[in-house]
Amino acid sequence: MSATPASTPAVEYGALTLGRRLGQGGQGTVHEVTNKKINKSVGGGWEVAYKEYSATVLSGLDAVALAAQVDLPRTLNAADSRWLCDSTAWPAAVVRRNGTTCGLLMRLVPDRFQFTLRSLAGPSAGDRRLANLEYLLNDDAYVAGIGLAVSERDRVLLLADLASTLDRLHRIGIAVGDLSPKNLLFTTDPSPECFLIDCDAMRLHGATVLPQAETPDWQVAAGEEKATRFSDSHKFALLAVRLFARDQTSTDLAALAALSPQLAGLARAGLGRDPARRPTPAVWAEQLTAAAPSASPTPPKPPHPGKRRPKPRGPARGTTSRTSHTGPSAQSPTPAKVTALNVTQGRVVALVAALIAVVVFLGVGASNGDDPSPVDPDSSSRIEESASHPWAPEPDDLSDVYSATPEDPADEYPADEETETPSAAPDPVGEADIGSCFFDEGAGTDADLVETDCTAGAFEVVDIQHDTTDLDSCDDVVDSDMSVSSATHDLVLCLSYHSPGGGAYHAEQGDCVYGADGSGSWDTESCETGNFKVLAVYSGSDESKCDTWPHYNYWKRVSGPADADRDVLLCLSMNYPDAAGYAELRQCLLKSGTGDGMSFTNTGSCSSSNVVVTGRTGSYRAASFCGDNGWTTWKNPDFPELAYTVCFRRR
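Remember, it's a predicted structure, so these values are computed and weren't measured experimentally.

(A) Focus on the overall build of the protein chain. For the protein chain, the count of helices and strands is 11 helices and 29 strands. Split into buried and exposed, the 651 residues of the protein chain put 55% on the buried side. Here the protein chain displays about 25600 Å² of accessible surface, and carbon together with sulfur accounts for 49% of that area.

See below:
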């Protein structure tokens, strides 16, 4: 990991008071920050989140590239600087621990880019969710059923706004790279508008903070450079097609052509192999704006409650090797979505599975930040307006940088006076902080918390609800598995279980997980070829529940606390390299490339395909099985039972 320049706005980790955990993913963990705000001159300031990179990610992190991102707003003119901070979740400050970069500060996502998820099983409203564009890649009945009112015209104007955003980013020197619906938030009130998150994954003037990754079904062709304005143009064309097809993986132009033949023509060119021939975002913005008046302004009505279930949702990212003889394009399977519950018993309360999304660790905490000014190593950074450049302040007095910054670390967590009588026994509930860990040695509905290290079998405090003893108050807290109340202190601890089976215990639909030997500890990780996508999450151990899920081919049970049947069952789908992985006999595919660069795409239509599948076997490199036909093969050494050889011939 390269060093961060000394002039970069930075905050010491010890100066942060962390609140509840907002999310966790393959890159790290996001926490609420309770004692700091950024850009205080705008409406009193923005709430802050802290993203801490995991140890595995830090080894490949380019701290200089991250510092350049943090510095960027101060190098732009005032208009571009303000626009960047309004429209994207741009890193606001580097966070260091003992002088070494460990994460970044950013603004919490503005409320207008969130919505209240409505239950498809009834009229009740659920919790607040990030409004990412992935929700709109489903049929109108689903979109309306979960509480989103989005018209055809809204879709056109959302794309137009995104096209204008991409055009301006490219002119600044930024390529998004992993441009997929998980990283794009939207609102239609008061007008259609997009907001980009996961900005530290973007590429600035060719530099990248972490190695570039791509979401399956949203990749550029093998061999093409990632994270360029050309790759962004390709992925924008994919989004345009799928947003109007109401589908996660489609490349069928029919729905877009019905809206506008001109837009369909742009998409066809944007999906082409020649990067130089792809329409620019500026061209898209012009054509989308022209098409908007002809699109319907009336949102579809929601279906009758409880009459339908969610349709299959799209994929995520993944890693491993592939061998092909004459065969596959870069498309992956289309798994499904489900709402999952952890069982309840006594003081254990149900936790509704959180928002599908591989990028979950940004969760509600992913956000935008203005640029902080340079600071002394022992002080916080200041992020406020200045008269000369409102979004790129000059260094000045740092004494009032953020509100409520403790002078003494001991003051960050003041003790509850009611527990501090000399004769009182230690009270782990009243003295607990977020991040404290306990074993529960109680029985039935009575908890008996014994403080311990955060190790396997322990419960970690992930949130504290004050001024209540309602055990249900933890229901919407991410990864909360048990709640414990204290009438004495009028609070509830929200506790998350550290399963001996690994972090996959808290995996959600759409996440990716892996355990190298198929047993032992499994964890969530960035989705890549060779790991598994979570199709569904169930309580208990009945693996027959997985049988009906599309592309299901593996299940994994992750152990829960021993006092109840609280094991988690994951229904999984292998992330194969391309559409050959789940191809069936007589299915038509589009073959691209030759040799190791070959790939297969499921276009959904034989008229747009050039090969047909003539055979399939679970054996690896079974060339003789295919006879005179072409073949492609792949195997994950850890799971040889999921290998395949697919035979094909020209149509």
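From this point, the discussion proceeds with the structure in view.
(B) Main features of the state of the cysteines. What the rule picks out here adds up to 6 disulfides. There is a disulfide in this structure between cysteine 546 and cysteine 571, and the S-S distance comes to 1.9 Å. Taking the torsion about the sulfur-sulfur bond, which here is approximately -75°, the covalent link between cysteine 546 and cysteine 571 counts as left-handed. Taken as a pair, cysteine 546 in the loop between strand 22 (532-539) and strand 23 (554-558) and cysteine 571 in strand 24 (residues 568-574) lie far apart in primary sequence, 25 residues in all. Residue cysteine 546 is classed as buried on the basis of its relative accessible area, which comes to 0%. Here cysteine 626 is linked by a disulfide to cysteine 647, with a sulfur-sulfur distance of 2.0 Å. Here the disulfide of cysteine 626 and cysteine 647 is left-handed, its torsion about the S-S bond being about -75°. In this pair, cysteine 626 is assigned in helix 11 (residues 623-626) and cysteine 647 in strand 29 (residues 644-650), connecting sequence segments 21 residues apart. Like cysteine 647, cysteine 626 is buried. Once the disulfide-bonded cysteines of the protein chain are ranked by sequence position, their pairing pattern turns out to be 1-2, 3-4, 5-6, 7-8, 9-10, 11-12.

(C) Structural view of the nonpolar core. One finds Leu136, Leu148, Ile174, Phe236, Leu256, Trp284 and Leu288 to be the most contacted residues of the largest nonpolar core, which totals 64 residues. Within the second largest apolar cluster, 43 residues are counted, among which are Leu449, Leu493, Phe532 and Leu589.

How each quantity is defined
- Going along each chain's sequence as written, the residues are numbered from 1 onward.
- Local features in this predicted model are restricted to residues of pLDDT 70 or higher, and side-chain atom pairs are both shown and tallied only at a pLDDT of 80 or more, whereas totals for entire chains, interfaces and linings draw on every residue.
- To obtain the side-chain values, all non-hydrogen atoms of the structure were used and water was disregarded.
- Put simply, DSSP H or I for four residues or longer makes a helix, DSSP E for two residues or longer makes a strand, and each gets a number counted from the N terminus.
- Exposed residues in this analysis have more than 50% of their type's maximum accessible area, buried residues have under 20%, and partly exposed residues fall in between, with area computed by a 1.4 Å probe over protein chains only.
- Accessibility throughout is a Shrake-Rupley quantity obtained with a 1.4 Å probe, and a residue counts as covered only by protein chains that appear here.
- In this description, the term disulfide denotes a pair of cysteine sulfurs within 2.5 Å.
- Take the buried Ala, Val, Leu, Ile, Met, Phe, Trp, Tyr and Cys residues and link them wherever side-chain atoms come within 4.5 Å; each set so joined is a nonpolar core.

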